[in-house]
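Observations on chain architecture
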Amino acid sequence: MSAKAQSLLWIAQRASAAVLAACVLVHLATIIYAVRGGLSAAEILGRTRGNVAWFTFYSIFVLGVAVHAPIGLRSVFIEWLGWRGRSRDAALVAFAALLVWMGMRAVFAVFA
Amino acid sequence: MSALAVEVWRGGAQGAFQSFEVPRHPSQTVLDVVTYIQRSLDATLAYRFACRVGMCGSCAMSVNGVPRWTCRTHVDKVARENKLVIAPLRNLPVIRDLVTDMRGFFDKWARAKGSFAGTKTKRDDFARVAPDSADRRKVDAGIECIGCGVCYSACDVVAWNPDYLGPAALNRAWTLVKDERDVVKHERLRAVAGDAGCHACHTHMSCTERCPMGLSPTAAISGLKRAVLGSVLKGEL
C-alpha cells in the first residue's frame, strides 16, 4: 500500500473520529432524555419509525464506526500480531462489512 | 564514602547481569561508574563514550530501566537505595555488554530522507533565513538532536513495530521539511508518511519525556502529520 493510501486511511480515521465525537454526544443526550423522561419502548419506536432525521443520524453513526474501528484495528494487528498483507486487509474489510450490517440492521429495526 | 551496588549487563542478546561494588563520590555520573568498573574491576567490559560532556550522544544506556545519557546523569539523581542497574539501550541489537548496534537507528534517518538537499553551490551567496520566521523557529526547536538514541529506546511503538522510523529520524525530517532552503520536501513527506512513519506514532510522548536535550520529537511528528495532511489535500503526495 502506498504512503498516500496509508495517509488517506489515517485521515479517514481522524475524520470519522470527529464525526463519532458529535454522534456519541447526541446519542448520550438522547439516552439520558429517554430514560429521565420515562419513555416506554413503544413511545421511542413511535418517534423513530418513519423518522428520516433519526434514520440519517444513526446511519451516519454506523458508517462512522465502520470506517473508524477497522482502521484502528489495522494498527493493532500490525503492532500486536505483525499481521500485514492481503489477508489482514480482507479480514478488516469483512469486519467493516459486519459492522455496517449489524449497525444498519439495528437502525432499520427502529425505522421500518 | 559508601559503596554503590551496580548490576551491569554482560553478553549479547543472551547474557546476564553481573554485580559490582563501586565507591561513591560527590557529583559522580553513571558514566564515571561504568568507567570505574572497566578500569579498576573488569577490563573486559565493553561500553561506548567519547566527549563526556553531553555533546556526542554516544554514551546512552538504560539506567534503572530508563534510557539516559550517562555522562550527564548524576548517580544521586537515579540511584535507588544505593543501587544501579545498567543495561544497553532497548530497541537496538546488543553487540556486547553495554554496546548496541546503532546501524538500524541511523539507517532510518536515511530512510526518512534526513539529508539536506539544496540547490546552491559554494559559489553562491549565503541563503538568508530570517531567525524569527515561523518555520525557522520550528527548525530551531528540533535541530539540537545529538543522535544518542535515547528517544528511540524509550519509544514503545519502535518496540511493537520494528519498521517504525522512530522519533529521532522523524524529528530530523521535520527540521528539513521546515527548512526553506530544502528542495525535496514532497519526497521526504512521502518517505515519512504511513505505517512506518509519522502516522504510527501514538503520542505516548516517551521520546519527549526522555530526550536529554529537551527536544520534543512528539511535536515534530505532529507537525509531519499536519504537513502530510496538507500535502494529500493538495494532491502533492
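Quick caveat: nothing in here was measured; it's all calculated off a predicted structure.

1. Things to note about the overall build of chain B
Within chain B, the regular secondary structure consists of 10 helices and seven strands. Along the longest, intermediate and shortest principal axes, the C-alpha atoms of chain B span 60 × 40 × 30 Å. Each of the 237 residues in chain B was classed as buried or not, and the buried ones make up 47%. Of the contacts made within chain B by residues no fewer than 6 positions apart, 63% connect residues no fewer than 24 positions apart. Summed over all atoms, the accessible surface of chain B reaches about 11,700 Å², with 51% contributed by carbon and sulfur.

2. Digging into the packing of aromatic side chains
As enumerated under the stated definition, the model contains 14 aromatic pairs over all chains in all. Look at Trp9 of chain B and Phe17 of chain B: their rings are 5.1 Å apart centre to centre, the planes differ by 80°, and that puts the pair in the edge-to-face class. For Trp9 of chain B, a relative accessible area of 16% corresponds to the buried category. An aromatic cluster is defined as three or more aromatic residues linked by ring pairs; in this entry it consists of Trp54, Phe57, Tyr58 and Phe61 of chain A. The positively charged end of Arg181 of chain B is found above the aromatic ring belonging to Phe116 of chain B, 4.6 Å away from the centroid.

3. Quick word on the confidence of the model for chain B
Detailed conclusions should not be drawn from predicted coordinates in areas where pLDDT is low. On average, residues of chain B score 96 in pLDDT, and 100% of them are at 70 or above. Two numbers describe this predicted complex: its pTM, 0.92, and its ipTM, 0.86.

4. Brief notes about the pattern of salt bridges
Residue and element names in this part refer to chain B. Summed over the entire model, instances satisfying the criterion amount to 14 salt bridges over all chains. Between Arg128 and Asp125 there is a salt bridge; the shortest N-O distance is 2.9 Å. For Asp140, the salt bridge goes to Arg136, with nearest N and O atoms at 2.6 Å. Taken together, the residues Asp140 and Arg136, both in helix H4 (residues 134-142) and four residues apart, mark about one turn of the helix. Sharing partners across several salt bridges, the network here consists of Arg10, Asp42, Arg96 and Asp97.

5. Points about the interface of chain A and chain B
Interfaces are frequently sized by the accessible area removed from exposure as the parts join. Facing the 12 residues of chain A at the interface are 16 residues of chain B. For the pair chain A and chain B, the summed buried area comes to about 1,300 Å², and 58% of that belongs to carbon and sulfur atoms. Among the residues chain A hides against chain B, the three largest losses belong to Lys4, Trp10 and Glu79 of chain A. Together they make up 43% of the total. For Arg74 of chain A, the salt bridge identified is with Asp195 of chain B, shortest N-O distance 2.6 Å. Our count for the chain A to chain B interface comes out at four residue pairs in polar contact (both at pLDDT 80 or more).

6. Observations regarding the side chain of Asp179 of chain B
Residues and elements named next belong to chain B. Mapping Asp179 onto the fold places it in the loop between helix H7 (167-177) and helix H8 (185-192). Residue classification places Asp179 among the buried residues on the basis of a relative accessible area of 11%. With residues near it in sequence (within four places) discarded, Asp179 still touches Phe116, Val139 and Lys185.

7. Section: H8 of chain B
All names here are of chain B. Buried residues of H8: Arg188, Leu189 and Val192, and no others. For H8, the angular spread of the buried residues around the axis is 100°, confining them to a single face. In the stretch just after H8, Gly194 is the one whose phi turns positive, near 100°.

8. Description of the sheet that holds strand E3 (residues 60-63) of chain B
All names here are of chain B. Here five strands make up an open sheet; going across it, the order is E2-E1-E5-E3-E4 and the pairing mixed. Every other strand in the sheet has two partners, leaving strand E2 (15-23) and strand E4 (66-69) as the edge strands with one partner each. If you compare each strand with its neighbour and ignore which way they point, the axes differ by 35° on average. Pairing between strand E1 (residues 3-11) and E2: nine bridges, direction antiparallel.

9. Quick notes on the packing of helix H3 (residues 52-81) of chain A against helix H4 (residues 85-111) of chain A
When two helices pack together, their arrangement is captured by the angle between the axes and the distance separating the axes. Residues and elements named next belong to chain A. Between H3 and H4, the least distance of the axes is 9 Å, while the angle of their chain directions is 160°. With respect to their mutual orientation, H3 and H4 come out roughly antiparallel. Both H3 and H4 take part in a crossing whose hand is right-handed. Taken together, the residues that form the contact of H3 with H4 break down as 21 nonpolar, two polar and three charged.

Procedures and definitions
Residues numbered from 1 in each chain as written. Chains lettered and ligands numbered in written order. Predicted model: local features only at pLDDT ≥ 70, side-chain atom pairs only at ≥ 80, totals over all residues. Heavy atoms only, no water. Helix = DSSP H or I, 4+ residues; strand = E, 2+ residues; numbered from the N terminus. Buried < 20%, exposed > 50% of the residue type's maximum accessible area, 1.4 Å probe, protein only. Contact = heavy atoms within 4.5 Å. Areas by Shrake-Rupley, 256 points an atom, 1.4 Å probe, with all protein chains shown as cover. Phe/Tyr/Trp six-rings, centres within 6.5 Å; stacked < 30°, edge-to-face > 60°. Lys NZ or Arg CZ within 6 Å of the ring centre and 35° of its normal. pLDDT = per-residue confidence, 0-100. Salt bridge = Lys/Arg side-chain N within 4 Å of Asp/Glu carboxyl O. Buried area = accessible area lost by both parts, 1.4 Å probe. Polar contact = N/O pair within 3.5 Å; in protein donor to acceptor, adjacent residues only side chain to side chain. Arc of directions from axis to C-beta. Pairing = 2+ DSSP bridges. Axes fitted to C-alpha atoms, helices over the stretch in contact; angles between N-to-C directions. Parallel < 35°, antiparallel > 145°, perpendicular 65-115°, else oblique. Left-handed = near helix turned anticlockwise from the far one by under 90°. Nonpolar A, V, L, I, M, F, W, Y, C, P; charged D, E, K, R; others polar.

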